[in-house]
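# Notes for the structure review
One-letter residues, chain by chain:
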Amino acid sequence: EGRFQEHWYRLVAAELAWGRTLLDVGAASGYGLAIYGEAGALDTAGIDPLPLGPRVQAIPVESIPAGSWDVVTAIDVIEHVEDDRAFLANLLRVARAFVFLSTPNWNVSRAVNPLHAREYTPEELVALLAGFRRRVWTSGTECIPVECLDGLVPGMEDLNFGVLIEVPA
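First, a word on what this report is: a plain description of the structure on this page.

Conventions adopted
Within each chain, residues carry numbers counting from 1 in the order of the written sequence. Under the rules for a predicted model, residues below a pLDDT of 70 receive no local features and side-chain atom pairs below 80 are neither given nor counted, while totals for whole chains, interfaces and linings still include all residues. Excluding hydrogens and water, the side-chain figures rest on all heavy atoms present in the structure. Strands are runs of DSSP state E lasting at least 2 residues, helices are runs of H or I lasting at least 4, and numbering of each runs from the N terminus. Per-residue accessibility, obtained with a 1.4 Å probe over protein chains only, is compared with the maximum for each type, and a residue is labelled buried under 20%, exposed over 50%, and partly exposed between these values. It only takes one pair of heavy atoms within 4.5 Å for two residues to be counted as in contact. Residue-level accessible areas treat just the shown protein chains as cover; the underlying method is Shrake-Rupley with a 1.4 Å probe. The salt bridge criterion pairs a side-chain nitrogen of Lys or Arg with a carboxyl oxygen of Asp or Glu, the two atoms within 4 Å. For the purposes of these results, a polar contact is taken to be a pair of N or O atoms within 3.5 Å, where, inside protein, one atom must be able to donate a hydrogen and its partner to accept one; residues adjacent in sequence count only when each atom of the pair is a side-chain atom. Two aromatic rings, drawn from Phe, Tyr or Trp (for Trp, its six-membered ring), form a pair once their centres lie within 6.5 Å of each other, and the interplanar angle then sorts them: stacked below 30 degrees, edge-to-face above 60, tilted otherwise. Strands were regarded as paired on the criterion that DSSP finds at least two bridges between them. Handedness of a crossover is defined as follows: with both strands directed away from the viewer, a clockwise route from the first strand across the helix to the second makes it right-handed.

## Quick notes on the overall build of the protein chain
Along the protein chain, the regular secondary structure elements total five helices and eight strands. Along its sequence from the N terminus, the protein chain presents helices and strands in the succession α-β-α-β-β-β-α-β-α-α-β-β-β. Put simply, the protein chain has 169 residues, and 49% of those count as buried. Long-range contacts, defined as pairs at least 24 residues apart, comprise 65% of the intrachain contacts of the protein chain with a sequence gap of at least 6. Carbon together with sulfur atoms contributes 56% to the accessible area of the protein chain, which is approximately 8,300 Å² in total.

Spelled out as structure tokens, the structure:
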């Protein structure tokens, strides 16, 4: 199994896992759940329409009760979803504190993956996240903090995105 997103799971684990519950949406095999557990998560679960691991269930995020998890992650998932705004709204509905999502940068990958419904330029991601308090990272193989994503940071146009969104009160 390729672990191309492991750096994102490790970032979330280091920043958010200790003493919290985490739901991974689009968990595939569920390898991220072990990373969260090792970092001190109180409870973890994974959901995916095509579960590949024993700890991952085929439950749609729409059926998860509101406010049932402290942190909800969607690591390289939103680009596969037709209605990205409804998907984001569901992630925020389920989370009590934070949502973390990562997604490819169109400027890098040019949407060559036929399974992607879309990919975002920096400007498109800013538009999707307008109005939310957030922290942003860019990534090649490591996570680099970015002060803001309200415009192009030199060099950022060639990296993928990770965004931590605070759930509105």
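## What about the pattern of salt bridges?
Scanning the model with the defined rule gives five salt bridges in all. For Glu6, the salt bridge identified is with Arg10, shortest N-O distance 2.9 Å. Of this pair, Glu6 and Arg10 both sit in helix H1 (residues 6-17), separated by four residues, roughly a single helical turn. Classification of Arg10 as partly exposed rests on a relative accessible area of 42%. Asp70 is the partner of Arg96 in a salt bridge, and the nearest nitrogen-oxygen pair spans 2.9 Å. Of the two residues, Arg96 is situated in strand E5 (residues 95-103) and Asp70 in strand E4 (residues 69-75); the sequence distance between them amounts to 26 residues. Arg96 gets classed as partly exposed once you look at its relative accessible area, which sits at 42%.

## Considerations on the side chain of Thr44
Inspection of the secondary structure puts Thr44 in strand E2 (residues 43-47). Side chain to side chain, Thr44 and Arg55 meet in a polar contact 2.7 Å long. Beyond its immediate stretch of four places on either side in the chain, Thr44 contacts Leu22, Leu33, Tyr36, Gly37, Arg55 and Trp69.

## Quick notes on the packing of aromatic side chains
Evaluated as defined, the whole model comprises three aromatic pairs. Arranged with centres 5.7 Å apart and planes meeting at 50°, the rings of Trp8 and Phe100 form a pair that is tilted. With Trp8 in helix H1 and Phe100 in strand E5, this pair connects stretches of sequence that are 92 residues apart. Side by side, Trp8 and Phe100 carry an identical accessibility label, which is buried.

## Points about the pairing of E4
Along E4, seven of the seven residues are buried, which leaves the element largely enclosed by surrounding structure. Inspection of the sheet shows strand E1 (residues 21-25) paired to E4 by three bridges, in the parallel sense. When the bridges of E4 are listed, Leu22 appears paired with Val71. Note that E4 and E5 share six bridges and pair parallel. In the sheet register, Trp69 faces E5, and the bridge partner there is Ala95. Regarding topology, helix H3 (residues 84-94) serves as the crossover connection from E4 to the parallel E5, and that connection is right-handed.

## What to know about unusual backbone geometry
With phi around 55°, Ala28 is a residue other than glycine that occupies positive phi space. Within the secondary structure layout, Ala28 lies in the loop between E1 and helix H2 (31-38). For Ala28, a relative accessible area of 27% translates into the label partly exposed. Its identity as a non-glycine residue notwithstanding, Asp76 has a phi of 55°, on the positive side. Mapped onto the elements, Asp76 comes out in the loop between E4 and H3.

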